[in-house]
Structure formats: structure tokens, C-alpha cells
Amino acid sequence: MAKGVKPRVKVPKTAAAGSSITIKTLISHKMESGQRKDKKTGELIPRSIINRFTCEFNGKSVIEIDIEPAVSTNPYFQFDATVPEAGDFVFTWYDDDGSVYDATKSVAIG
Amino acid sequence: MGMNLFKTTAAVAALAIMATGAAQAGEDAKLVINGDLSIATQAAAPAHLENLETVYSGWVFRTKETQALEMDDFDNPSFVFVDVALDLYAAVDGTEGKSCASCHENVEDFAGLTTSMPRVNADGALETTTDLINECRTERMGAKAWKYSGTDMSAMLSLVGLQSRGMPVNVAIDGAAAPYWDKGKELYYTRVGQLDMSCSNCHEDNYNVMIRADHLSQGQSNGFPTYRLKNAKMNTIQARFKGCMKNIRAEPFGQGSDEFKALELYVASRGNGLIVETPSVRN
Amino acid sequence: MEFSRRETIALGLGAAAMTMLPIRAFAEATADEIVADFTGGASMSDGGVTLTTPEIAENGNTVPIAVDAPGAVSVMIVATGNPTPKVAVFNFGELAASQSASTRIRLAGTQDVLAIAKMADGSFLRASSTVKVTIGGCGG
């Protein structure tokens, strides 16, 4: 597991049934592109990025993102989701090193 | 002297060759954070500033896209580091079995501290917030001092500085602080390095000018530590001093040196009246 | 991730070199291949997809972009002047309230950024935006 990786998500706590909400996500990650060289050795630093992100609500897909090294350090995504009923958003980030990071946020209807 | 002046003028002219003086997109924007914290980005220059009438936050000189990153605490990547600092704040470290929170239960109690730093302590020495944190670590926690502008320190400075966000900068420059302030002022106006330039050549004489592709600010410190797009991390004011000195091909002073502490005080005093924006976002 | 000044200049020179024809042809072929792979070689129409980028990016390390493609199944972002031009593919699920998303990307120099939207009926729409990436000045 890469050091210091910390997911952050911003989701409203309540929403009207069937309404649209805006979600923001950010995970702290270096996103080593594989294009840089180690200043001391001159060797290429191997690529190490978050390569995929998914957001689901009660098991149904909101968005899936395939990520390449051109996405900036501390990858940030904003998108809109429909909230048909009360439930849980599950956010998952997949690291090149095999690590998987997740976060869950509950939304009530109100 | 005459030769030096000519050289410097030529250097500045060459660097500023793309100067347009034209306003960039974001110049008239108003800084409102999270929709409810309105921050004035200019103020009447403090009385001691002879050559400026108005002081401006560095935020004013950025493009509207960079400005927007500071206008919402989720969009502002600094808050990743503030989160890291909150964990550090609660983490026991050192031989005494203490965390920051053992003595300072609420980090909110640091509200206002950053506005008056650096300051002269009871022993007559000039101290920065960095010094205070490391003094706590080594003397009260029995922990190792953090690297002056390292990841842990810059994160903690961001968390502590955040508690003063929205408050005006107001460092003391008289009394016991006067000799340190004088020294900082002298450094600010002294030309150094192969380019033979002083802080004032860019940040007083030529602010709001394009230096090639970069829009020069007044070099104010009210937003530090700042998250820079360039390196995607928190940058302390003394790390920024070092970067500036390297740019003018000078040998930088050490971080935590008497010179940089005095300069930190003097630069802060140039922003007396500006509002603390820590943790800010810059290019 | 931090690019040193030298690396950034090298990236910028690479981008500058792209304005020369032989290299440009090569680099665009790479971006073209990526697009062709996504579209299966189908033709694309302009319009119907909105790509929002800054006109000038203060630093190529963190460039905010947004895409909005009503009715799209997925949208691919391509930075034509990057060493690896593919940036990301957004696949919208059944609970996506809009086919729009924002992120922050790396651009190696001044270049065109493309958004290719795959629509529910299998057609493809395209939008393009030029971003000037500033290099030089007092990066410090």
C-alpha cells in the first residue's frame, strides 16, 4: 500500500427522492507517471498511479473512470448522481500496486 | 554602482520582455471561501511601506481557474494536508507519551496565532511558528524536531494557520522586534546573486507585470503555507524564499537561519492589514 | 508529483518540436490511434459535447477540465501533445444524473485537448480545445 493515501468524498447527507446531487472526490496520491527519471541514478521511476475509480449507489453504477498517468497528483473527480432512494454511495479507487481504497457515504431521503 | 544598476535594469527588462501589464482574467474577482467566508484581498499599505499605497494578496494575480481552487475547501488540495496534520495532532510521539492534543486539546485555540508570527519571545529571540512547534516536540514531547519545511511541518503549519483564516495579519515591528525587522528590511532591499536582484526589484518595483509567462505578485505571505500547482504540495514561506533566491542565482540562506527568520518577519509586516488565507493555492 | 524545471523545459521543448511537421505527424498518429481504438474508426461529428478548459494554464501540472455530453455512454479525454495522450475515460452508469464530469490533468505543453463522446446509439461526437501552458518566469 502506497504511503499517505487518503480518500476524501463530499456528498450531501440528505436528498429528495429522485433528485440529482453533485459529488466531489479526491484521493491523496502521487500519481507517479512513469515518465520521470530519478535525479540521482538517472533511472526511470516506475509508473505508480490510481488506474480506476468507481462510484456505485446501492450496487448500481453511477460512474466508472479509467485513469491514465495524465491525471494530476491527488486525483480529483466531480460528477452528478441520481438518488432514487435512501442508501449508500460506495467509492473505490484501484492502485497500480494492487491496493484498493474505498469510502462509503450514506444519504437519507429528506 | 552605476554599472550594477545598469546590469540589473537590463536583467529585469530582459526578464520582463513579455510584459504587458495587462490584467489577467481573475484580477477583479472577489475571494469568498465556501460561499460564506469573504476575504478582502487588498488593504491600505501599512505606514512603514514607503513605496506602495495598496497591498494585494497573491490570489489577485492568479488566473480564475487557480483562484477557484481556493474558493472551496474540498476543491482546495491543501485540505488533504490539513487532514494529515489533524492525524499528526492527535498522534502520540516521543518519550513523554504526549501528542499535540495532550496539552492543546482544541486546535481551534490557535486562532489568531499566525497573525502575529514571527514574534520576539521572552528571551528576546525572534521565533517562528515552526520554532514553536519544534520546541514543543523536542522539549515537551521528547520527540525529534521535524525538518524545517518538511511534509509534517508544512502540514502542521497549514492546520495551525487555518485557525487564523479570515483574520488580519498584524505582526509587531517595534520594540524588541525592531532590530530583527530592520535586518529583514535590509535583506529585502539588498541585491544578491548573479542576477544582482533584490526582493523589491520584482515584488515592489514590478508587481502586476508579466515576467515571461508569470504574473508577478507583491510576494505577500498571508496565504502561506500554500499549495502550489507546480509541485502539488504545501510550500512554506522560507521554502519559497529559497526558491526565489535560486531563481536569481543566489546562494540561499538556510531554512531557519537568522536571515530567513528576519526576512519572514519583514515580509509578513509588508502584509499587515491583509487577511490570512492559509492554506492558499498558487501556481 | 513534481517536475523539475529541466524536466518541464524538456517537456515544453517536446511540445514546441511538435509544431514541426514530421514530428507532429508522428505524435498525432499516436493520439489518432487512441481515438480510432475508442471509436472503432467510426466518423465523429463536432458538437453535442462541451469541453471546458482554461485558455491559459498557469502550470501544466494541474489543469482543471470539465466535459458535458448529454446522452453519452462514455467520454474519452485525449491530450494530443502528451507523451501518452490518453488521459481518462468516463463511463456513465444508470445512476449518473448527467453525463458530465470534472477533473484535473497534466499537460506537457501548449496543445489541443479532445473529448470524444460515445453516444447511446453508437455514434461519436467530438470537441476540441486549445490550452496554452505557460513555461518560464519565476517558478521558484
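Structure shown above.
Counting starts from 1 at the beginning of each chain's written sequence and moves along it residue by residue. Here chains are named by letter from A upward and ligands by number from 1 upward, in the order in which they appear as written. The predicted nature of this model means local features are confined to residues of pLDDT at least 70 and side-chain atom pairs, given and counted, to a pLDDT of 80 or more, with totals for whole chains, interfaces and linings taken over all residues. The basis for every side-chain value is the complete set of heavy atoms in the structure, and neither hydrogens nor water enter the calculation.

1. Quick look at the overall build of chain C
Here is step 1: Helix and strand counts for chain C come out as two helices and nine strands.
Here is step 2: Only DSSP runs of H or I with at least four residues qualify as helices, and only runs of E with at least two residues qualify as strands; both kinds are numbered from the N terminus onward. Going residue by residue from the N terminus, the α and β elements of chain C occur as α-α-β-β-β-β-β-β-β-β-β.
Here is step 3: Any two residues having at least one pair of non-hydrogen atoms within 4.5 Å are treated as being in contact. Residue pairs in contact within chain C that sit at least 24 positions apart in sequence constitute 63% of those at least 6 positions apart.
Here is step 4: Here the open area of atoms and residues is found with the Shrake-Rupley method and a 1.4 Å probe, where only the protein chains shown may cover a residue. A total of about 6000 Å² of accessible surface is found on chain C, and carbon and sulfur atoms cover 56% of it.

2. Quick notes on the pairing of strand β5 (residues 60-67) of chain A
Here is step 1: Strands are labelled as partners when DSSP assigns at least two bridges between them. For strand β4 (residues 50-57) of chain A and β5 of chain A, the ladder comprises six bridges, and the chain directions are antiparallel. Residue pairing across strands places C55 of chain A opposite I63 of chain A, the latter belonging to β5 of chain A.
Here is step 2: Taking the residues between adjacent antiparallel strands as the criterion, β4 of chain A and β5 of chain A are bridged by two residues, where N58 of chain A takes a positive phi near 45°.
Here is step 3: Note that β5 of chain A and strand β6 (residues 86-92) of chain C share five bridges and pair antiparallel. Within the sheet, the bridge partner assigned to D66 of chain A lies in β6 of chain C and is V89 of chain C.

3. Re the interface of chain A and chain C
Here is step 1: Listed per partner, the contact involves 33 residues of chain A and 31 residues of chain C.
Here is step 2: Summed over both partners, the accessible surface that disappears when two parts come together, traced with a 1.4 Å probe, is what is meant by buried area. Both faces combined, the contact of chain A with chain C buries some 2600 Å², and carbon together with sulfur accounts for 51% of it.
Here is step 3: When a carboxyl oxygen of Asp or Glu is within 4 Å of a side-chain nitrogen of Lys or Arg, the pair counts as a salt bridge. Put simply, chain A and chain C have one salt bridge between them.
Here is step 4: Two residues, K86 of chain C and E68 of chain A, come together in a salt bridge whose shortest N-O distance is 4.0 Å.
Here is step 5: Polar contact is the term for a pair of N or O atoms within 3.5 Å; when the atoms are in protein, one must be able to donate a hydrogen and the other to accept it, and sequence-neighboring residues count only if both atoms are side-chain atoms. Summed over the shared surface of chain A and chain C, the number is 19 residue pairs in polar contact (both at pLDDT 80 or more).
Here is step 6: Breaking the side of chain A that touches chain C down by element, the ones donating at least two residues are β3 (19-27), β5 and β6 (76-83) of chain A.
Here is step 7: Among the elements that line the side of chain A that touches chain C, the one with the most residues is β5 of chain A, at eight residues.

4. Quick word on the packing of aromatic side chains
Here is step 1: When the centres of two rings from Phe, Tyr and Trp lie within 6.5 Å, Trp using its six-membered ring, the rings pair. Their planes under 30 degrees apart give stacked, over 60 give edge-to-face, and anything left gives tilted. According to the stated counting rule, one finds 17 aromatic pairs over all chains in the structure shown.
Here is step 2: When the centroid spacing of 6.2 Å and the interplanar angle of 85° are considered together, the rings of Y56 of chain B and F61 of chain B count as edge-to-face.
Here is step 3: Exposure is judged per residue with a 1.4 Å probe applied to protein chains only, and the accessible area is read against the type maximum: over 50% gives exposed, under 20% gives buried, and values in between give partly exposed. Classification of Y56 of chain B by relative accessible area gives partly exposed; the value is 22%.
Here is step 4: Overall, the relative accessible area of 2% leaves F61 of chain B in the buried class.
Here is step 5: Ring pairs connect the aromatic residues F53, F57, F77, F79, F89, F91 and W93 of chain A together with F90 of chain C, which therefore count as one cluster.
Here is step 6: Above the ring of Y94 of chain A, the side-chain terminus of R52 of chain A is found at 5.0 Å from the ring centroid.
Here is step 7: Over the face of the ring belonging to Y76 of chain A we find R104 of chain C, whose NZ or CZ atom lies 3.9 Å from the ring centre. When the NZ atom of lysine or the CZ atom of arginine is within 6 Å of a ring's centre and also within 35 degrees of its normal, the charge is said to sit over that ring.

5. A look at the sheet that holds β6 of chain A
Here is step 1: Pairing within the open sheet is antiparallel, and its six strands lie in the order β1(A)-β3(A)-β6(A)-β7(C)-β4(C)-β2(C). At either margin of the open sheet sits one strand with a lone partner, and together these are β1 (7-10) of chain A together with β2 (50-52) of chain C. In this sheet, adjacent strand axes meet at a mean angle of 20° when their direction is disregarded. Fitted lines through C-alpha atoms serve as axes, helices being fitted only where they are in contact, and the angles separating the N-to-C directions of these axes extend from 0 to 180 degrees.

6. Examining the interface of chain A and chain B
Here is step 1: Between chain A and chain B, the contact holds 11 residues from the first and 11 residues from the second.
Here is step 2: Buried area between chain A and chain B, summed over both chains or domains, comes out near 1000 Å², and the portion from carbon and sulfur atoms is 57%.
Here is step 3: The interface formed by chain A and chain B holds five salt bridges in total.
Here is step 4: A salt bridge links R8 of chain A to D83 of chain B; its shortest N-O distance comes to 3.0 Å.

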